[in-house]
Amino acid sequence: MIVAGFDVGTLTTKAVVLNDGSIASYDIIPTEAKPEGAAKVVMENALSKAGISFTDLGFCVATGWGRKKVGFANKDMGEIPCLGKGAYRLIPSLCTVIDIGAQTSSVIRIGKNGNVLDYGTNDKCASGTGKFLGVIAEALELGIDDLGPLSLQSKNPVSISNQCAVFAESEVISHVNEGMELADIVSGINNSIARRQVTLAKRVGVKEDVCIIGGVAKNIGVVKDLESMLEVEMKKLPVDPQIIGALGAAVIAEQKAK
Amino acid sequence: MVVAGCDVGSLSAEAVIMDNGSIISFEIIKVRPRPEQSAGDVMNAALSKAGLTLGGLDYCISTGYGREKIPFANDNISEISCHGKGAQWLIPSVRTVIDVGGQDCKAISVDENGNLLNFIMNDKCAAGTGRFLEVMSKTLGVGLEELASLAVRSKNPLPVTSQCSIFTETEAMCYVNEGEKMADIAAGINQAMARRVKALVGRIGIVDEVCMTGGVAKNSGVLKSLEEILQVTIKKMPEDPQIIGALGAAIFAKEEMQK
């Protein structure tokens, strides 16, 4: 049985194709504020990687911010259940899933079969999301992928006092002008993202095993900060942490197709 | 009697010179790296317009976020009190002042003498401040003034549902890509801005008459949206709405001299 899941995020669009329960292919592309177009392209890419045609798909579920714009999906689902299902499929011992995407961050408690028990989410404010990191990286003329490794070189993280991404951007520029070390500024920024996530996590409660997913899971600085603040060790995911929502959508598609 | 007020904000600095109770000159500049530089520059410019020097000032009060660092000021007073004072002096019937500056938003209620009764402010989140409009004008690739004039032409403002400035960028870009009219996007942005200001002002309660100060008061689109959403008429300032803080400081200086 072949099924697919799509996750149309504000920044990136992801697709996962499942063939008899295992990942046959996946793809990640930038959304570029064109959710409809991005969904089509990512689907074509993923199908062609797997050597499968659209008509072979038994069922297809869309999730994420732009899920209503995926005309070819059989069904659309909210992100939270998809994230739970996707993470559980990879690591069945998980009890807590921490997701930090471009414009949302969530802490999800899952139970049997990856079903959601409780969750907390922030999708109102860019602080504590990947977009916050993006704004700061651009201001510092760094790539988003540089932020994690660079922060590890910091010996004296700067404390960032503004929560608002727009104001933090000005704050960071004035720190640069004051001659502070880039590594220390970046470490302070990662720390600020982690702190916001800890507030959310404390509200929902954290139970091990825990994993972190979403684009920001690729930032080693944020992951290390979260591990030390929450006093947990994040389980390593066997796949790209950005595709968990799409994977979960595909898992749900599998159940619908049966 | 010549007095002056000097307002050093986060983005701009203003100075107002008064002689015997009327404004004889004022100046607005973009801030320099240090508040004392901004204050010196703007004050010298205003003084030279009036044909005066610093020595000709009888009293000077500073205000704004850099107010404590101004060497030539005799005293300093918070910008909240100064905005209330300046606005009520210009329009004596005013009891509520909405001040939307570059990085903050305040609602101020004053009595019949322009003295502060109560206030509420947001300086934590860029939404509902001038910075929000700056971010949006950059996103849409239009100037700040164009953003205002575009919005006035809109017949069908688009819903902007995000609160966060950064998230509104994503929303606006989608509208651009979907081929929506710039005017309708701009109008939606002004409405979002007005909603944020309303949320703040609503907490203090509106007492007539209402006026608006700060740089954003020059944006006719936001002003119109705010009037619609608050269902009040916002009194037009007879002077540049950006100098009201400095004007209030000058009036406090005058009152100090009369004591």
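It should be noted that the structure appears before, not after, this text.
What comes next concerns the included structure.

Calculation notes
Residues numbered from 1 in each chain as written. Chains lettered and ligands numbered in written order. Predicted model: local features only at pLDDT ≥ 70, side-chain atom pairs only at ≥ 80, totals over all residues. Heavy atoms only, no water. Phe/Tyr/Trp six-rings, centres within 6.5 Å; stacked < 30°, edge-to-face > 60°. Helix = DSSP H or I, 4+ residues; strand = E, 2+ residues; numbered from the N terminus. Buried < 20%, exposed > 50% of the residue type's maximum accessible area, 1.4 Å probe, protein only. Lys NZ or Arg CZ within 6 Å of the ring centre and 35° of its normal. Contact = heavy atoms within 4.5 Å. Buried area = accessible area lost by both parts, 1.4 Å probe. Salt bridge = Lys/Arg side-chain N within 4 Å of Asp/Glu carboxyl O. Polar contact = N/O pair within 3.5 Å; in protein donor to acceptor, adjacent residues only side chain to side chain. Nonpolar A, V, L, I, M, F, W, Y, C, P; charged D, E, K, R; others polar. Core = buried A, V, L, I, M, F, W, Y, C linked by side-chain atoms within 4.5 Å. Pairing = 2+ DSSP bridges. Axes fitted to C-alpha atoms, helices over the stretch in contact; angles between N-to-C directions.

In this section: the packing of aromatic side chains. Scanning the model with the defined rule gives two aromatic pairs over all chains in all. On the basis of an interplanar angle of 90° and a centroid distance of 5.8 Å, the ring pair of phenylalanine 54 of chain A and phenylalanine 72 of chain A is categorised as edge-to-face. In this pair, phenylalanine 54 of chain A sits in the loop between helix H1 (35–50) and strand E4 (59–63) while phenylalanine 72 of chain A sits in the loop between E4 and strand E5 (75–76), placing the two residues 18 residues apart along the sequence. For phenylalanine 54 of chain A, a relative accessible area of 37% puts it in the partly exposed group. The structure contains a cluster of three or more aromatic residues connected by ring pairs, namely Phe6, Phe54 and Phe72 of chain A. Over the ring of tyrosine 26 of chain A we find lysine 49 of chain A, and its NZ or CZ is 5.8 Å from the ring centre. We note lysine 49 of chain B situated over the ring of phenylalanine 26 of chain B; from NZ or CZ to the ring centre the distance is 5.6 Å.

A few words on the interface of chain A and chain B. Opposite the 22 residues of chain A that make contact, chain B presents 18 residues. Summed over both sides, the interface between chain A and chain B buries roughly 1500 Å², with carbon and sulfur atoms accounting for 64% of that surface. Ranking the residues of chain A by area buried against chain B places Ala33, Val166 and Phe167 of chain A at the top, with a combined share of 38%. The interface formed by chain A and chain B contains one salt bridge. Where glutamate 178 of chain B meets lysine 69 of chain A, a salt bridge forms, and the shortest distance between an N and an O atom there is 2.9 Å. Counting every contact that joins chain A to chain B gives seven residue pairs in polar contact (both at pLDDT 80 or more). Contributing elements (two or more residues each) for the side of chain A that touches chain B: helix H3 (130–139) and helix H5 (165–177) of chain A. Tallying contributions element by element places H5 of chain A first for the side of chain A that touches chain B, with five residues. Residues that form the side of chain A that touches chain B fall into these classes: 11 nonpolar, four polar and seven charged.

For the rest of this paragraph, the subject is the nonpolar core. Judged by nonpolar contacts, the single largest core of 84 residues is most densely connected at Ile98 and Leu226 of chain A together with Ile98 and Met212 of chain B. With 12 residues, helix H6 (residues 182–204) of chain B is the single largest residue contributor to this core. Non-local contacts of isoleucine 98 of chain A, meaning those with residues more than four positions away in its chain, are made with Ser106, Val107, Gln197, Val210, Cys211, Ile212, Ile213, Leu226, Leu230 and Met234 of chain A. If you look at the next biggest cluster of nonpolar residues, it comprises 26 residues, including Cys82, Ile91, Val94 and Ile108 of chain B.

Residues and elements named next belong to chain B. Pairing is mixed in the open sheet, where five strands are placed in the order E8-E7-E6-E9-E10. In this open sheet, the two strands that pair with only one neighbour each are strand E8 (116–122) and strand E10 (234–235). As judged from the two bridges shared by strand E9 (residues 210–213) and E10, these two strands associate in the parallel manner. Along E10, the bridge assignment pairs valine 210 with isoleucine 234. Here helix H2 (residues 79–90) sits on the sheet in contact with strand E6 (96–100), strand E7 (105–110), E8 and E9, set at roughly 60° to E7.

Residue and element names in this part refer to chain B. With respect to the secondary-structure elements, lysine 224 resides in helix H7 (residues 220–230). You can call lysine 224 partly exposed: its relative accessible area is 41%. For lysine 224 and asparagine 190, which are 34 residues apart along the polypeptide, the C-alpha to C-alpha distance reads 8.8 Å.

Attention now goes to the sheet that holds strand E8 (residues 116–122) of chain A. Residues and elements named next belong to chain A. Spatially, the four strands line up as an open sheet ordered E8-E7-E6-E9, and their pairing is mixed. The outermost strands of the open sheet, each flanked by one partner alone, are E8 and strand E9 (210–213). Here the strands of the sheet are splayed against their neighbours by 15° on average, with no regard to which way each runs.

Residues and elements named next belong to chain A. Here six bridges tie strand E7 (residues 105–110) to E8, and the two strands are oriented antiparallel to one another. Of the residues in E8, the one forming a bridge with arginine 109 is aspartate 118. Between E7 and E8, which pair antiparallel and follow one another directly, the connecting turn spans five residues, one of which, asparagine 113, has a positive phi of 60°.

Residues and elements named next belong to chain A. Residues Val210 and Ile212 line one face of E9 and the alternating positions Cys211 and Ile213 line the opposite face, and both faces are buried. As judged from the four bridges shared by strand E6 (residues 96–100) and E9, these two strands associate in the parallel manner. Bridge assignment links threonine 96 to a residue of E9, and that residue is valine 210.

Turning our attention to H3 of chain A. The buried fraction of H3 of chain A is high, at seven of 10 residues. What H3 of chain A keeps buried is the set Gly130, Lys131, Phe132, Leu133, Val135, Ile136 and Ala137 of chain A. Summarising the contacts, the buried residues of H3 of chain A are in contact with E6, helix H4 (147–151), H5, helix H6 (182–204) and helix H7 (220–230) of chain A together with helix H5 (165–177) of chain B. Positive phi shows up at glutamate 141 of chain A, right after H3 of chain A, with a value of about 55°.

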